[in-house]
Amino acid sequence: MSLIHRLQSLEAERDAAREEAERANLAKSKFLAAASHDLRQPLQALFFLSAALARHVGDHGGRDLLSRLDQGLDTMKGLLDGLLEVSRLEAGVVTPVLETFAVSEITDALDAAYGKRAAEKGLVWRVEGCDGVLRSDRGLLMQLLCNLVDNALRYTDAGVIRIRCRADGGSSSGSGQDGGGPEAGQLAIEVQDTGIGIPPDHLDRIFEEFHQVGNPERDRLRGLGLGLAIVRRLSQLLDHPVQVRSVQGRGSAFRVLVPLAPARFLAAGTGGAERQPGIDRPRLAVLVDDDAVVLLGLQTVLTEWGFRVVAADGTDRAMDRLAALGRAPDLVIADYRLREGRVGTEVIRRVRERYGAEVPALILTGETGIDTLADASAHGVPVLHKPVTPRQLQAEIDRQLRDASEDTIQAAQ
């Protein structure tokens, strides 16, 4: 065989191997998405029923058992959320939306979210403020950093967790060897801890799915091994390199390099005091889900919150029951994928056509495909992915009702 033929053969083998790897990766993503959806339905029902049961359990022993049940549900939710995020990032359905914002918005949010948790664990929590204006996707960057802080909290039993940043290219203090300073025009945001550290032979594997250091027994209280895998994918998606330095037994430092933007592009804040969310009861909620157990759980928890509920397993039945009441709903919550090829945005559209486009609505679904997100976005409807905790659901309901009330006030002025 000539050299040219040999090179052509090697190139063909390489292309075939790459195509096979891409098919396998796509198959894995489809499997994760399907498994995630099928598991989310019953888990969502358990969340709602557990919340509704809480007020009926009076003795200490029963409440302790219910607390353990909720802890188990939270662990299962964490695993499914991690699988969902991995599959979404691998499937390429997440597109960064770049904006310009002050780094203090991120560090302040991290301080508010994690300061109390660190104190409860007996750790010293430090957030060193810094000036700078970033150019990134605010939500995805926050998610990346949250995964790093979660990881630090999980593997630090004593000492300090520190968040700091530097824009001058110098190395910051911390354990281990420095991974190199940031390039010009970048800000290094670093999460440091005094935890168990990472053995040198694990450094190349910590960003793999389900790989954990110091957890051979797979204790779910020590996490699921998906956080750093998500960090890697977000780093690649945002083009924000992540560097790690660590000394076993002394701690670790993860550094994220984020592009800086000129301060003159920082949008001025709108100002004004933020209104506290609240639900004026009683309200009328329309619930549509073709899973009877999920529908029952959702109806139970909304009723416990003081809502009057119209529950149905499909669009036509929901519209008939709503018409029989003779009043406009205050809220619509619908699953996306319904029977006979129907979708949840249909019932939202029909409700708004009959009662007004200002009726708040949201999609509560286990579907993760880009078509679902695109359809919901086209109808101006937010999406919550099952399972959501009752607290998360109530926060989103509060936001929807508050925004609708503010829109009504502005329209009247």
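Once a new chain begins, its residue numbering starts again from 1 and follows that chain's sequence as written. Predicted model: local features are reported for residues with pLDDT of at least 70 only, side-chain atom pairs are reported and counted for 80 or more only, and whole-chain, interface and lining totals are derived from all residues. Derived side-chain values reflect all non-hydrogen atoms in the structure, with water molecules and hydrogen atoms excluded from consideration.

Caption draft 1: Broad picture of the overall build of the protein chain. Secondary structure follows DSSP: runs of H or I at least 4 residues long count as helices, runs of E at least 2 residues long count as strands, and numbering of each begins at the N terminus. Helix and strand counts for the protein chain come out as ten helices and twelve strands. Throughout this description, buried means an accessible area under 20% of the type-specific maximum (1.4 Å probe, protein chains only), exposed means over 50%, and partly exposed covers the range between. Scored against the burial criterion, the 413 residues of the protein chain give a buried share of 45%. Long-range contacts, defined here as pairs at least 24 residues apart, represent 73% of the contacts in the protein chain between residues at least 6 apart. For the protein chain, the accessible area works out to roughly 21100 Å², and carbon and sulfur atoms hold 51% of it. Two residues qualify as a contact provided that any one of their heavy atoms is within 4.5 Å of a heavy atom in the partner residue. With residues, only the protein chains shown are counted as cover, and all accessible areas are computed by Shrake-Rupley using a 1.4 Å probe.

Caption draft 2: Structural context of helix α7 (residues 315-325). For α7, every residue scored as buried is listed here: T315, A318, M319 and L322. Around the axis of α7, the buried residues are gathered within 95° of arc, so they sit on the same side. Pointing more than 90 degrees away from the buried face of α7 are the exposed residues D320 and A324. On its buried face, α7 sits against β8 (284-288), β9 (308-312) and α8 (344-355). Just past α7, the residue G326 takes up positive phi, approximately 70°. Note: the arc covers the axis-to-C-beta directions of the helix.

Caption draft 3: The arrangement of the nonpolar core in detail. What makes a nonpolar core is a set of buried Ala, Val, Leu, Ile, Met, Phe, Trp, Tyr and Cys residues whose side-chain atoms join them at distances within 4.5 Å. Counting residues in each nonpolar core, the largest one holds 38 residues, and the members touching the most others are L110, L134, L141, L145, L148, V149 and I189. Elements that contribute at least two residues to this core include exactly α3 (103-120), α4 (138-154), β4 (160-166), β5 (186-193), α5 (227-238) and β7 (251-259). Examining the composition of this core, we find that ten residues originate from one element, α4, more than from any other. Ignoring anything within four residues of it in the chain, the contact list for L145 reads I106, L110, I189 and V256.

Caption draft 4: Representation of the packing of aromatic side chains in the model. Put simply, two rings from Phe, Tyr or Trp (the six-membered ring, in Trp's case) pair if the centres are within 6.5 Å, and we call them stacked under 30 degrees between planes, edge-to-face over 60, tilted for the rest. Scanning the model with the defined rule gives one aromatic pair in all. Pairing Y114 with W125 gives two aromatic rings, centres 6.4 Å apart and planes at 35°, and the pair type is tilted. Of this pair, Y114 sits in helix α3 while W125 sits in strand β2 (residues 124-127), and the two are eleven residues apart along the sequence. Relative accessible area serves as the criterion here: at 5%, Y114 is assigned to the buried category. The exposure class of W125 is buried, given its relative accessible area of 16%.

Caption draft 5: Focus on a nonpolar patch on the surface. Together, L3, L7 and L10 make up an exposed nonpolar region whose accessible area comes to about 300 Å². As for its placement among the helices and strands, L3 is situated in helix α1 (residues 3-54). A relative accessible area of 64% means that L3 is categorised as exposed. For patch building, the residue pool is restricted to those with more than 30% relative accessible area and no salt bridge; the joining distance is 9 Å between like charges and 5 Å between nonpolar side chains (Val, Leu, Ile, Met, Phe, Trp, Tyr). Here, a salt bridge means any Lys or Arg side-chain nitrogen found within 4 Å of an Asp or Glu carboxyl oxygen.

Caption draft 6: Representation of α8. Between the first and last C-alpha of α8 there are 17 Å, a value that for twelve residues agrees with the 16 Å anticipated at 1.5 Å per step. Among all positions of α8, only G344, T345, E346, V347, I348, V351 and R352 are buried. Packing partners of the buried residues in α8 comprise β8, α7, β10 (331-334), β11 (361-365) and α9 (370-378). Phi turns positive, to about 120°, at G356, one or two residues after α8. By this rule, a helix spans an expected 1.5 Å times one less than how many residues it contains.

Caption draft 7: Representation of the sheet that holds β4. In this analysis, strands are considered paired if DSSP registers two or more bridges between them. Spatially, five strands are ordered β2-β4-β5-β7-β6 in an open sheet, and the strand pairing comes out mixed. The sheet is open, and its two edges are formed by β2 and β6 (242-247), each paired on a single side. Across this sheet, the average inter-strand angle for adjacent strands is 15°, counted without regard to direction. Here four bridges tie β2 to β4, and the two strands are oriented parallel to one another. Of the residues in β4, the one forming a bridge with V124 is V160. Sitting on the sheet, α4 touches β2, β4, β5 and β7, and the angle it makes with β7 is about 175°. Between N-to-C directions, angles cover 0 to 180 degrees, with each direction set by a line fitted to C-alpha atoms, over the stretch in contact for helices.

Purely geometric stuff here, so don't read any function into it on its own.
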